[in-house]
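A closer look at the structure
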Amino acid sequence: MNYSIAINQVSKSFGKKVVLNQIDLIIEEGQIYGFIGPSGAGKTTLVKMIVGMDTPDAGTIHVLNEKMPNLELLQEIGYMAQSDALYSELTGMENLKFFASLYKLNKVEIKERISYAANLVHLTTELNQRVKAYSGGMKRRLSLAIALIQNPKILILDEPTVGIDPELRLSIWNELLRLKNEEGKTIIVTTHVMDEAERCDFVAMVRDGVILTRGTPEELKAHYQVDNFDEVFLKAGRKDS
Amino acid sequence: MRTVALIKRICQEMLRDKRTLALLFVAPLIILTLMYFLFNGNTVDLKLGVVNVDNSLEKILEEANINVIQYDTADKETIVVEDLDGLLEVKNEKLELTLQNSDPSIAKALQMKVNQSVSLHAQSKFLNPNTAPVAIQKKNIDTQYVYGNSETAFFDVLSPVLVGFFVFFFVFLISGIGLLKERTTGTLERLMSTPIRRGEIVTAYLVGFGIFAVIQTVIVVLYSINVLDMVMVGSVWNVILINLLLALVALSLGTLLSSFAASEFQMVQFIPIAVIPQVFFAGIFPLEGMADWLQSIGKIMPIYYAADALKGVMYKGLHLTDISGDLFALVVFATIFIILNIFALKKYRRL
Ligand SMILES: Nc1ncnc2c1ncn2[C@@H]1O[C@H](COP(=O)(O)OP(=O)(O)O)[C@@H](O)[C@H]1O
Ligand SMILES: [Mg+2]
């Protein structure tokens, strides 16, 4: 099977605090992979290292068979940070244009991608407003649009749906599923919303820097003999302590 | 291409930020103008009491714009009561000057003028004892100035330094805070998830803020020369060149130090450490009198070189070749800071 991300014995500490401890993980192409776990578990640290924004203390990370960090590969990775990093003095359109111009895209492609991404997150009519006038949810949506701007093969979304209303959340998830099914994209999502975890093909439960358990949502539910995901989460945590 | 995109974005943000623009373009002009009036204020009337002084000397003193008041007898008490700046007495055939000295600069000025007048008086007597001293005075004393002229005020000597200092200060502050904002809003980290290189970010910041620094420099220099009428003997182009190099140093130092600041306030905390000490070595205070070790500290301050070059060009009319050593020093400072900048970004990403 073609894998798009291979994480091998990755550890990371900040000072004395061990944030990730010998993580092993293979993510296959064309999957939606969910990292779920409580706040502070190390999810953000892990996805940042996959993007190459941080380097592991030990172990290696390969993306599309290339060792990270690798600048060329960033063309193929769309990243949405947990906290919105936007230029608030600029309009939504200017933010999109700026990020688009950091990638290898020509003028026509930039135009197409901007209108596609803005439309996807329902921001088309607000694009000419300054970002500082945006609500929290609008900023989240703009961040998601920016992650999609260069049409990357891999999408890494850190808590993408926080602060987004249920209706839009559903439409975003439908789009993520479409991107996976029709365009074969690999998508990594971190979340602590359990019904989102159930939409993933695979989930890994992260807690205190280790992966407690992993598998398809059905496998996990069967394994813990429960029928909803909240309980999987609770039982997996309990087993460890 | 990525660099161009980043430069464009920096400009867009700057143009929307009216306060920063005002700080960059208007504040230096206001401060320079204020300084101009402070230092060019007409000197106060000097009040000198005289006792037993020769009539001819008295005339010379009056010629020198001193308000001379005759007394039959006077002592320190008189100076205080009458609020005289000084008292000139002839005691035992000798001149004795008593200064009030509540303001040392006035005392100095008075002392100097009295000394000049006395020597003038002595000279005129010696040359032609029969002619009225006043008539001779104007012919005989033909004062020559190496730099400047008799109109030279303190401000003229100070102004080249001030121009350089304000260019340095405001560019330092604004570029430092600019990169800091990028850091604190998380957009710098966000940029690291795009294929941009660290060198491209540093270049874009240098060019982006550089554009504004160039405009500021030109405005400040032209305003100083044309409106404030600063002494300008050398070439304007050299002045602009020096200031541009200084702005580049300020820009790279500002962005570098901003990597060690976590907030705007911490950036401001760098001012007493990185900016103020430079003022002391800019030539406002004479360097020659300083201890050797202090002088060598001055030599690691960028403003020291810029001020030296600026004074050379604006006041002494030196040419490019005369100031090439100073310019070279500025280039070295900028290069070091720029390289350190690229390294400082390493904490975000290795590539
Ligand atoms: N730059 C950093 N310096 C020090 N500690 C950090 C840093 N980044 C994250 N941490 C710590 O690492 C742990 C995991 O954080 P994070 O990966 O953000 O968790 P999650 O995304 O799962 O909520 C937390 O305890 C956090 O305090
Ligand atoms: Mg997180």
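Residues numbered from 1 in each chain as written. Chains lettered and ligands numbered in written order. Predicted model: local features only at pLDDT ≥ 70, side-chain atom pairs only at ≥ 80, totals over all residues. Heavy atoms only, no water.

1. Quick look at the interface of chain B and chain A
Test applied: Contact definition: two residues touch when any of their heavy atoms are within 4.5 Å. Defined here as a combined quantity, buried area equals the accessible surface (1.4 Å probe) lost by two parts on assembly, summed across both. Salt bridge, as used here, is a side-chain nitrogen of Lys or Arg placed within 4 Å of a carboxyl oxygen of Asp or Glu. Nitrogen and oxygen atoms within 3.5 Å of one another constitute a polar contact, given that in protein one can donate a hydrogen and the other can accept it, and given that sequence-neighbouring residues count only through two side-chain atoms.
Residue-level contacts link 25 residues of chain B with 28 residues of chain A. Buried surface at the junction of chain B and chain A, summed over both partners, amounts to about 2500 Å²; 63% is from carbon and sulfur atoms. Considering only the side of chain B, the residues that lose the most area to chain A are Arg16(B), Arg190(B) and Pro195(B), jointly responsible for 28% of the buried surface there. Across the contact surface, chain B and chain A share two salt bridges. When the shortest N-O distance is used, the salt bridge between Glu94(A) and Arg16(B) registers 2.8 Å. The interface formed by chain B and chain A includes six residue pairs in polar contact (both at pLDDT 80 or more).

2. As for the packing of aromatic side chains
Where we set the bar: Each Phe, Tyr or Trp ring (for Trp, its six-membered ring) is paired with any other whose centre lies within 6.5 Å, and the angle between the two planes then decides the class: stacked below 30 degrees, edge-to-face above 60, tilted in between. Secondary structure elements follow DSSP: runs of H or I no shorter than four residues count as helices, runs of E no shorter than two count as strands, and numbering proceeds from the N terminus. The rule for a charge over a ring is simple: NZ of Lys or CZ of Arg within 6 Å of the ring centre, and within 35 degrees of the ring normal.
One pass over the full model with this rule turns up 15 aromatic pairs over all chains. Centroid distance Phe169(B) to Phe170(B): 5.2 Å. Interplanar angle 80°. Geometry classified as edge-to-face. On the basis of an interplanar angle of 50° and a centroid distance of 6.0 Å, the ring pair of Tyr305(B) and Phe333(B) is categorised as tilted. Taken as a pair, Tyr305(B) in helix H14 (residues 302-315) and Phe333(B) in helix H15 (residues 324-344) lie far apart in primary sequence, 28 residues in all. What links up through ring pairs into an aromatic cluster is the set Phe165(B), Phe166(B), Phe169(B) and Phe170(B). Sitting over the ring of Phe98(A), Arg9(B) keeps its end group 5.1 Å from the ring centre.

3. Looking at the domain arrangement of chain B
This is how the line gets drawn: What marks off one domain from the next here is an automatic or database domain assignment.
What the domain assignment lists for chain B is domain 1 (2-39 + 150-347) and domain 2 (46-138). For domain 1 of chain B versus domain 2 of chain B, the distance between C-alpha centres works out to 47 Å.

4. Considering the coordination of the magnesium ion (ligand 2)
Residue and element names in this part refer to chain A. Applicable threshold: Keep in mind that water is not among the atoms, so a site may look incomplete; donors are the N, O and S atoms within 2.8 Å of the metal, or 3.2 Å for Na, K and Ca. Burial classes: relative accessible area under 20% of the type maximum marks a residue as buried, over 50% as exposed, and values in between as partly exposed (1.4 Å probe, protein chains only).
Around the magnesium ion (ligand 2), the donor atoms from the protein are Thr44 (OG1) and Gln82 (OE1), and they sit 1.9 to 2.1 Å away. You can see threonine 44 sitting in helix H1 (residues 43-51) and its partner glutamine 82 sitting in the loop between strand S6 (77-80) and helix H2 (92-100), a full 38 residues away along the chain. In this structure glutamine 82 comes out as partly exposed when scored by relative accessible area, which is 38%.

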